[in-house]
Amino acid sequence: MELSNKNVFITGSTRGIGLAIAHKFAKQGANIILNGRSAISDELLAQFAGYGVKVVAISGDVSDSADAKRMIDEAIASLGSVDVLVNNAGITNDKLMLKMTEEDFEKVLKINLTGTFNMIQAVLKPMSKARQGAIINMSSVVGLMGNVGQANYAASKAGLLGLTKSVAREVAGRNVRVNAIAPGFIESDMTDAIPEKAKESMLGQVPMKRIGQAEEVADVAIFLAGQEYITGQVIAIDGGMTMQG
């Protein structure tokens, strides 16, 4: 897919990996739909002024199916189509399993997994009718290997893998491609707050011995959006954490 003049909706794109993905697509000449639960600031919109692309701000709650449909409809009304959907919105609520409540578990799944389902369902009909489109779901290495204190998060991210592969099979015949990215230890506001000793321990699990950058994850999103013959795949960008022999 040629990305210039295509319309890209990135959920959870006001900071971190989502914002890096938005900038990367804008550099390719794609129009951007920025999204978050709260109103998008003028300062954030101003970051995209130099790209010469259209930028639309659409706030809403992906975990609400009606709101998800409203956001996709609003994006199509503004730009004419949604050609690429990147499902990046997500939360964590880490606790050991013995201390995790049902509410703790369901809240994370509602946003991370059900929210992605809602956005895919909202965009799938117009993409299928156009017989073209790319959907990229942001999973995690935690969904591949699990992690202490993250049973809810790991379950939501593992669920995304099954969702990705199932939907990919359903819509491949309509030239809609569905893939997932599984980031590992990526530099962010969250990792900045981790104590140095904990960082060293985490880096011990990374064969490449460094933290990944959000821009590197964005490069994978660009690759998957542009490739016409890749679907139903999961690409881990993790410095080798999940490599198998």
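Preceding this section is the structure that the text describes.
Owing to the predicted nature of the structure, the values given are computational and were not obtained by experimental measurement. Throughout, a residue's number is its position along its own chain's written sequence, starting from 1. Side-chain atom pairs in this predicted model are given and counted only at pLDDT of 80 or more, local residue features only at pLDDT of at least 70, and totals for whole chains, interfaces and linings cover all residues. Note: side-chain values were computed over all heavy atoms of the structure, leaving out hydrogens and water.

Draft legend 1. Examining the sheet that holds strand β6 (residues 176–183) more closely. Spatial ordering of the open sheet is given by β3-β2-β1-β4-β5-β6-β7, a layout of 7 strands whose pairing is parallel. Among the strands making up the open sheet, the edge pair consists of β3 (55–59) and β7 (234–237). Along the sheet, successive strands turn relative to each other by an average axial angle of 20°, direction set aside. Two strands make a pair as long as DSSP finds a minimum of two bridges between them. Counting from the N terminus, the helices are the DSSP runs of H or I reaching at least four residues and the strands are the DSSP runs of E reaching at least two. Relative to β6, strand β5 (residues 133–138) is paired through 6 bridges, and the arrangement is parallel. Its bridge partner being in β6, A134 is matched across the sheet by R177. Sitting on the sheet, helix α6 (residues 151–171) is in contact with β5, β6 and β7, with an inclination near 160° to β6. Against the sheet, helix α9 (residues 214–226) touches β4 (84–87), β5, β6 and β7, its axis set at about 165° to β6. Fitting a line to C-alpha atoms yields each axis, with helices limited to the stretch in contact; the angle taken between N-to-C directions then spans 0 to 180 degrees. Residue contacts are defined here by distance: any two heavy atoms, one from each residue, within 4.5 Å place the two residues in contact.

Draft legend 2. Spotlight on the nonpolar core. Definition used in this section: a nonpolar core is a set of buried Ala, Val, Leu, Ile, Met, Phe, Trp, Tyr and Cys residues joined via side-chain atoms within 4.5 Å. Three exposure classes are used, based on accessible area relative to the maximum for each residue type with a 1.4 Å probe and protein chains only: buried under 20%, partly exposed in between, and exposed over 50%. Within the largest apolar cluster, 34 residues are counted, with the highest numbers of intra-cluster contacts made by V8, I21, F25, I32, V84, V86 and I181. The dominant element in this core, judged by the number of residues it contributes, is α9, at 8 residues. I32 has contacts with V8, I10, A22, F25, A26, K54, V55 and V56, leaving out every residue within four places of it along the chain.

Draft legend 3. Quick look at the packing of aromatic side chains. Pairs were defined over the aromatic rings of Phe, Tyr and Trp, the Trp ring being its six-membered one, requiring ring centres within 6.5 Å. Orientation was assigned from the angle between planes: stacked under 30 degrees, edge-to-face over 60, tilted for the rest. Counted under the stated rule, the structure contains 1 aromatic pair. Summarising the aromatic geometry, the rings of F48 and Y51 are spaced 5.8 Å apart at their centres and angled 55° between planes, so their arrangement reads as tilted.

Draft legend 4. Expanded view of the packing of helix α1 (residues 16–27) against α9. As a packed pair, α1 and α9 sit with axes 8 Å apart at the nearest point and diverge in direction by 55°. Judged by the angle between their axes, α1 and α9 are oblique. For the crossing formed where α1 meets α9, the hand is right-handed. Across the interface between the two elements, G16, I17, A20, I21, K24 and F25 of α1 pack against A214, E215, V217, A218, D219, A221, I222 and A225 of α9. The labels follow the angle: roughly parallel below 35 degrees, roughly antiparallel above 145, roughly perpendicular from 65 to 115, and oblique for the rest. By convention, the crossing between two helices is left-handed when the near helix turns anticlockwise from the far helix through less than a right angle, and right-handed when the turn is clockwise.

Draft legend 5. Spatial organisation of a negative patch on the surface. By definition, no residue in a patch forms a salt bridge, and every one has over 30% relative accessible area; like charges are joined within 9 Å, nonpolar side chains (Val, Leu, Ile, Met, Phe, Trp, Tyr) within 5 Å. Note on areas: Shrake-Rupley, 1.4 Å probe, and residue coverage restricted to the protein chains presented here. Throughout this description, the term salt bridge denotes a Lys or Arg side-chain nitrogen within 4 Å of a carboxyl oxygen of Asp or Glu. Under the counting rule used here, the positive set is Lys and Arg, the negative set is Asp and Glu, and His together with the chain ends is not counted. For charged residues, the charge sits on one atom: NZ in Lys, CZ in Arg, CG in Asp, CD in Glu. Residues E187, D189, D192 and E215 make up a contiguous surface patch of negative charge. Mapped onto the fold, D192 is located in helix α7 (residues 189–192).

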